[in-house]
Each structure stands twice: as C-alpha cells, then as structure tokens.
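Structural features, examined
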Amino acid sequence: MRLIQGATVAALAAAANAASLSDVCTVSNVQSALPSNGTLLGMDMIPSAVTAGAVYNASAGMGSTETYTYCNVTVTYTHTGKGDSVVVKYAFPKPSDFKKRFYVAGGGGFSLSSDATGGLGYGAVGGATSAGYDAFDQSYDEVVLYGNGSINWDATYMFGYQALGEMTKLGKTLTKGFYGMASDDKVYTYYEGCSDGGREGMSQIQRYGDEYDGAITGAPAFRFAQQQVHHVFSSAVEKTMDYYPPPCELDKIVNATIAACDPLDGRTDGVVSRTDLCMLNFNLTSIIGQPYHCAAKTSTSLGFGFSKRAEGSTTSYQPEQNGTVTAEGIKLAQTIYNGLHNSKGERAYLSWQIAAELSDATTEWNNNTKKWELSIPSTGGEYVTKFVQLLNIDNLQNLDNVTYDTLVDWMNTGMIRYMDSLQTTIPDLTTFQSSGGKLIHYHGESDPSIPTASSVHYWQAVREVMYGNLSESESLKALADWYQFYLIPGAAHCGTNSLQPGPYPENNMEIMINWVENNVKPSRLNATVSSGDHAGETQMLCQWPTRPLWHSNSSSFDCVNDQKSIDTWTYTFDAFKLPVY
C-alpha cells in the first residue's frame, strides 16, 4: 500500500511538471493548494478571494529586461479572530521554468516590496504582501500612527518582520500544492534586499531562520533607533557649532580626502579601498585653505527614497560657490565622522567612514537672507516626530534646545520602544545556522546613508554571541562556513558611487544558489568595476575581517589581516545602559 501511495505521489508530481501553464494557473488549483485553516497557526485562508491569471511574455523583476510567462495569483487571509485582511501576490513560473525555488525580495525605506516577480529569473516563485495596511500603495511611515500618541502596532509588527515571514510560510505551502510536489520535497528559499530591504532580510533569518536556505542582505538599516536619529546628527552638529557650510565646502572636503587617501591601499585608482588606513594616516586639517568652486544649480531630492509619497521630494537652488575650506568646516566634518557622544563624552553611535559623502550635512540656500541655513533630513526628522515624539508630522521644524544628549535620549526611547519590532539586531542566529542557512552580508565602504561600521558591529555581535567560547581562528572559520560579510570598496548606499569608480557585486544570487544547492562555498565575492579607468575589471573582494592591499598599482591585491585597522571599526556604546547589538 505504501509503495502504491508513493508511486501515486510521484506520478502526480511528474504530471504537474509536464503540465502547461493553463493546466495549473486556475483558481481551483490555487484553492486546492491552500493550507487548511489551523495548519499555519494564526492564519485563516479566505478561498473565495483567490484570483489566478496567466501572464505571457511580460517583463519581471525590478529593472529586468527579460520577459517571462507566469501565473499571477492573489490570495487573502485573516489573522485568527482579528477580522483583518492581508492580500498576498504570488508569481508562479510556468511549470517548465520552475526550479523548486521560492524568492523573497526586499523593499526600501519605509516600504516593503510590491513586486512579486523578482524570482522568475531564477525559476522561483515570488511574493509580495499588503501586510494588512495596503503596503502595495502606502509606505509604513504613513500608517505608523493612528493619530497623535497612538501607535499602529499591527502595522509595526507586520512591517518589522511578520508580513514577510507569513508570506514565505504560506508561499512555500502554496508552491508545493500548485505544482503537485510531494509534501517532503525541498523548496529552496532565498531572500535578497538592500537598505531597509537588508534589514527586512535580517528580520527574516532572526525570526524565521528555519524557513530560509539563503539570504543576501546589503547595507541593512537595522538598529533602527540609532540609525534613524543619526540622520539628524549632522544638523545637530551644525546647530551646536552655529556653522552652516556651503555644500561646495563639504564636497571639497570629501573629494580632497578621497584624493589623499586613495594611494594608501596600494593603488591610485580613485577609490579609497581602505578607509581604516585613511582614518589612521590622514589628518583632515591638511585640507584647510584649499580652494573650492561649484557652479550654480537647481536640484531635486527624494531624501534617500524613504517614502513612496511624491510630496516627499524637494527642489532646491544653490548659487555659484567660491571660497576656501575653513577651520570651522574641518571641525564640523571631524565631529560628524567621529560620531555622536553625550555630554559626558560617552559614545552613543558610530558614523560614516572618512571619505563618505556628507549628504546629511547639506545646507539650504535662503535667497532672501543670502545665507546658508539648516536643512534637517526628513529621514531622521520624521522618525523623531512620528516614532519617538508620536506626533503625526513629517519632520522636525527646528532643533531649538536640542543637544547631543537629546539625540541620545531619542535613540534610547526608540530602541526600547521598538526593541522587539524594528531594531532587528538579534545576534543569535542559531536556528538559521543549524537549519543549513547561508548568509552573504555586504555594505558599501563609503555609504553616506547607513554607516558601514553598523554592519561590522552586527557581525561582531553575532560572532561574540554564537562563538564567544572559541579561539579567534576557530570562531572565524565557524562563522565563515555560513555567514560571510564583505565591504565593497568605494561603494555608496546600495550601489556604485559617482565620487569613487569602484567595484560592485552583480551576481550575488548565482553565488548564493551555487553555495546552497551545490555546496560551493565562496571565499571571496565577485564584483565588477563599472566606470573609470578600470571599467570592466573583475575584483574578488576580501571577506571580512581581512582587508585589501594592492600590489604597487598593479591589478591584484592581497587580503590581509591588520589588527590596527580592524580596531578602527570596533565601537563600544557606553552612553546606553542596555547592550547595543
């Protein structure tokens, strides 16, 4: 009898693999694949809301030029006893393209991904979720408050981690039923995202570690309270110093730093591959007195894309700027790069690497007063007003009576309030690791939005928590077997850097799939230079904690251990009573 049942299951699976899209892309097939209520605890399906329709030769995935044929499905569920409604979109490859994979794409800013088709290029089913607050059309910051003082905790937990976790658990069950797979068949499950998409990925392997086989997380916006308040820090420095630099002065400081520190890594190529050596060997005061010039311009900014709302964009005018770098400008830059400290001198947070653009310090020209004035980035200001002060306004209007201690208090409030939802810094990844999960974590070394050292600090926390009982060499080996971390020389926030023509990894998913499914473990990360004199060059990036050192302007470099350099990336946040992982 068991042999007959096994043969029947195998026959059904074979029949599904041989089926056409029209055979499986039906409402009835999706309904039959839905898990019975009670199977996925807390999630009750609504079969009558299922939709299914074939899509032929359509583009798929963000920025993809390829076309695919797939089944576009929507399913709806409610949380048991709650009466809410969560809509999830899934894109199922046609049966001949399906490679037993499920793919989750990250969003950005305060938004989850609204595109379910990102996995089609990998033969994977993909999903996107409304998260119960219409995340397809609204960003989370628009719904975080019901009104002044009243937090929408349902939306907070769904955005924080729950919506993607539920979408994945449901999606994998649907996938097996949709294609007629056996219940014990493996569906390889992957995550990929950067910025808040990187944080979302970390939320998944921290909370749903046994659901994922591979995760690729770039520049994660975790440690949410410190990260978001830090966006106000540059403005607080300007207010404290009562110095509002012309943007051209800041640009000169950054570009002069890049030029001075570029050769320290062994090759002069316009890229600071070793910001640690820059910190150890370069004094910003040497730039004082250097001339700068910028032509007049009008520019439009979306504020790092932290909201879907069109009204979040701003247009600004900057007149022609001529001058020389001042001592005040250098002191400002030094203070920003040094990071936030309280009035006792205790460190509250780390900051951007030297040579990273000082975007948050950009001032605004007042054409009436003919002066440069404070411009508080909404990336940080909105977090303070909505998430800390619980006021339904989009930005801080000013920084009157705001001190560095005030910023530390805001960080502390946000950290405690959202510790179990938005902080996303749980360092114990044992469930993910013991389930066979693999993690590639990367960060642009000159990221001007999310400080690169924030990723280093998390890697250090995971190593200490999970392998603190091992020797240094043993812990590094054990961690690298499943968690590999890479810094991308010169790169900015989740992409290449117009100021530094460095490399950027383009085929992370292929590397991850090969690691998970074929056990081909990477030791270095493949990246390609897309601009400058070395455009087209392939660089195999060093796995942290080793650092690149070029051979006398040649095309090769070594990955070296340099304790002095590593020490520049290591921080203790003694301004807080609680540990900051």
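One numbering rule holds for all chains: residues counted from 1, following each sequence as written. With pLDDT at 70 or above as the cut-off, local features in this predicted model cover only qualifying residues; side-chain atom pairs require 80 or more to be listed or tallied, and sums for whole chains, interfaces and linings still use all residues. With hydrogens and water excluded, all non-hydrogen atoms of the structure serve as input to the side-chain values.

**Looking at the environment of Thr-403**
Threshold: Numbering goes from the N terminus for both helices and strands, where a helix is a DSSP run of H or I of at least four residues and a strand is a run of E of at least two. Accessible area is worked out with a 1.4 Å probe on protein chains only. A residue is then buried under 20% of its type maximum, exposed over 50%, and partly exposed in between.
You can see Thr-403 is positioned in the loop between helix H10 (378-388) and helix H11 (404-417). Its relative accessible area of 39% is what places Thr-403 among the partly exposed residues. With 33 residues separating them in the primary sequence, Thr-403 and Gly-436 have C-alpha atoms 47 Å apart.

**Regarding unusual backbone geometry**
Cis rather than trans, the peptide bond between Trp-544 and Pro-545 has omega equal to 15°. Residue placement: Pro-545 occurs in the loop between strand E21 (538-541) and strand E22 (547-550). The backbone of Asn-401 sits at a positive phi, close to 65°, despite the residue not being glycine. Here the phi dihedral of Asn-519 falls at roughly 60°; this positive angle occurs in a residue that is not glycine.

**Some details on the nonpolar core**
Stated formally: We call a set of buried residues a nonpolar core when its members are Ala, Val, Leu, Ile, Met, Phe, Trp, Tyr or Cys and they connect through side-chain atoms within 4.5 Å of each other. Marked domain ranges trace back to an automatic or database domain assignment. Contacts were defined at the residue level, with two residues in contact if any of their heavy atoms lie within 4.5 Å.
Ranked by size, the top nonpolar core spans 130 residues in total, and within it Val-75, Tyr-90, Tyr-140 and Tyr-483 carry the most contacts. A total of 10 residues in this core trace back to one element, the largest contributor, which is helix H4 (residues 153-178). Taken together, domain 1 (21-186) and domain 2 (226-302 + 310-420) each give at least three residues to this core, which thus spans both. Excluding anything up to four places from it in sequence, Val-75 contacts Val-30, Leu-34, Val-50, Val-86, Val-87, Val-88, Tyr-90, Leu-170 and Leu-174. Grouped together as the second largest cluster of nonpolar side chains are 22 residues, Tyr-190, Ala-219, Ile-513 and Ala-527 included.

**Examining the pattern of salt bridges**
Close approach of charged atoms lets side chains of opposite charge pair. Keep this limit in mind: Each reported salt bridge corresponds to a side-chain nitrogen of Lys or Arg within 4 Å of a carboxyl oxygen of Asp or Glu.
Summed over the entire model, instances satisfying the criterion amount to 17 salt bridges. One salt bridge connects Arg-274 with Asp-276, and the closest N-O pair in it is separated by 2.8 Å. Since its relative accessible area comes to 0%, Asp-276 is described here as buried. A salt bridge links Lys-521 to Asp-481, with the shortest nitrogen-to-oxygen separation between them at 2.7 Å. Taken as a pair, Lys-521 in the loop between helix H15 (508-518) and strand E20 (525-529) and Asp-481 in the loop between helix H14 (472-480) and strand E18 (483-488) lie far apart in primary sequence, 40 residues in all. Looking at Lys-521, the relative accessible area reads 43%, which means it is partly exposed. A network of salt bridges, in which partner residues are shared, links Arg-274, Asp-276, Glu-445, Arg-547 and Asp-562.

**A closer look at the packing of aromatic side chains**
Convention followed: Working definition: rings of Phe, Tyr and Trp (its six-membered ring) pair if their centres are within 6.5 Å, and the pair is stacked with planes under 30 degrees apart, edge-to-face with planes over 60 apart, and tilted otherwise. We call a charge positioned above a ring when the Lys NZ or Arg CZ atom is no farther than 6 Å from the ring centre and deviates by at most 35 degrees from the ring normal.
Scanning the model with the defined rule gives 31 aromatic pairs in all. Aromatic side chains Phe-110 and Phe-387 sit 5.6 Å apart centroid to centroid with 15° between the ring planes, which places their arrangement in the stacked category. Within this pair, whereas Phe-110 is found in the loop between strand E5 (101-105) and strand E6 (124-129), its partner Phe-387 is found in helix H10, the two being separated by 277 residues in sequence. Ring centres 5.7 Å apart and planes at 45° place the aromatic pair Trp-153 and Tyr-418 in the tilted group. Here Trp-153 is found in helix H4, whereas its partner Tyr-418 is found in the loop between H11 and helix H12 (430-434), with 265 residues between them in sequence. The exposure class of Trp-153 is partly exposed, given its relative accessible area of 31%. Above the ring of Tyr-161, the side-chain terminus of Arg-207 is found at 4.2 Å from the ring centroid.

**Points about the domain arrangement of the protein**
The line we're drawing: Buried area is understood as the total, over both parts, of accessible area removed when two parts are fitted together, assessed with a 1.4 Å probe. Whenever two N or O atoms come within 3.5 Å, that pair is a polar contact, provided that in protein one can donate a hydrogen and the other can accept it, and provided that, for residues adjacent in sequence, both atoms are side-chain atoms. Throughout, the ten residues Ala, Val, Leu, Ile, Met, Phe, Trp, Tyr, Cys and Pro are labelled nonpolar, Asp, Glu, Lys and Arg are labelled charged, and all others, Gly among them, are labelled polar.
Per the domain assignment, the segments making up the protein are domain 1 (21-186) and domain 2 (226-302 + 310-420). Taking only C-alpha atoms into account, the centre of domain 1 sits 39 Å from that of domain 2. Taken residue by residue, the interface counts 13 residues in domain 1 and 10 residues in domain 2. When the two sides are added together, the surface that domain 1 and domain 2 hide from each other amounts to roughly 1000 Å², 62% of it contributed by carbon and sulfur. Looking only at domain 1, the three residues that lose the most surface to domain 2 are Phe-110, Asp-141 and Leu-145, adding up to 37% of its buried area. Counting across the interface, domain 1 meets domain 2 through 0 salt bridges. Viewed at the interface, domain 2 and domain 1 are joined by 4 residue pairs in polar contact (both at pLDDT 80 or more). Among the elements that line the side of domain 1 that touches domain 2, the one with the most residues is H4, at 4 residues. Per-class residue counts for the side of domain 1 that touches domain 2 are 8 nonpolar, 3 polar and 2 charged.

**Focus on the packing of H4 against helix H5 (residues 196-207)**
Threshold: Fitting a line to C-alpha atoms yields each axis, with helices limited to the stretch in contact; the angle taken between N-to-C directions then spans 0 to 180 degrees. For classification purposes, angles smaller than 35 degrees are called roughly parallel, those larger than 145 roughly antiparallel, those between 65 and 115 roughly perpendicular, and all remaining angles oblique. Helix crossings fall into two classes, left-handed where the near helix is turned counterclockwise from the far one by less than a right angle and right-handed where it is turned clockwise.
Where H4 meets H5, the axes come as close as 9 Å, and the angle between the chain directions of the two elements is 65°. Between H4 and H5, the crossing angle belongs to the class labelled roughly perpendicular. Once H4 is placed against H5, the crossing between them reads as right-handed. In this structure, H4 contributes Phe-159, Gly-160, Tyr-161, Leu-164, Gly-165 and Thr-168 to the contact, and H5 contributes Asp-196, Arg-199, Glu-200, Ser-203, Gln-204 and Arg-207.

**A word on the pairing of strand E9 (residues 188-194)**
As a reminder of what qualifies: Note on pairing: two strands pair once DSSP finds at least 2 bridges between them. For a crossover, the right-handed case is the one in which the path from the first strand over the helix to the second runs clockwise, viewed with the strands pointing away from the viewer.
Buried residues dominate E9, accounting for 5 of its 7 residues. Pairing of E5 with E9 involves 5 bridges; the strand directions are parallel. Considered in E9, the bridge of Tyr-103 is made with Tyr-190. Two elements, E9 and strand E10 (residues 214-218), share 5 bridges in a ladder whose sense is parallel. Paired with Tyr-191 across the bridge in E10 is Ala-215. Note that the unit made of E9, H5 and E10 has a crossover that is right-handed.

**Details of a nonpolar patch on the surface**
Here is the rule: Patches draw on residues past 30% relative accessible area with no salt bridge. Two like charges within 9 Å are joined, as are two nonpolar side chains (Val, Leu, Ile, Met, Phe, Trp, Tyr) within 5 Å. What sets the accessible areas is the Shrake-Rupley method with a 1.4 Å probe; for residues, cover comes only from the shown protein chains.
Together, Ile-416, Met-419 and Leu-578 make up a nonpolar patch on the protein surface, roughly 260 Å² of accessible area in all. For Ile-416, the position within the fold is in helix H11. By relative accessible area, Ile-416 is classed as partly exposed at 48%.

**What about the sheet that holds E20?**
Here we have 3 strands laid out as an open sheet, ordered E19-E20-E21, and antiparallel in their pairing. In this open sheet, the two strands that pair with only one neighbour each are strand E19 (503-504) and E21. Pairing geometry for E19 and E20, over 2 bridges, is antiparallel. What sits directly across from Pro-503, in E20, is Val-529.

**Concerning the state of the cysteines**
Note the following rule: By disulfide we mean two sulfur atoms from cysteines, separated by a distance within 2.5 Å.
In total, this model carries 5 disulfides according to the counting rule given. Across a sulfur-sulfur distance of 2.0 Å, Cys-261 and Cys-278 are joined as a disulfide pair. One quick way to see it: the torsion about the S-S bond of Cys-261 and Cys-278 is about 65°, and its sign makes the bridge right-handed. Linking Cys-261 in helix H7 (residues 247-261) with Cys-278 in helix H8 (residues 275-281), this pair joins segments that are 17 residues apart in sequence. The burial state of Cys-261 is the same as that of Cys-278; both residues are buried. Assigning the bonded cysteines of the protein consecutive numbers by sequence position, one obtains the connectivity 1-2, 3-8, 4-7, 5-6, 9-10.

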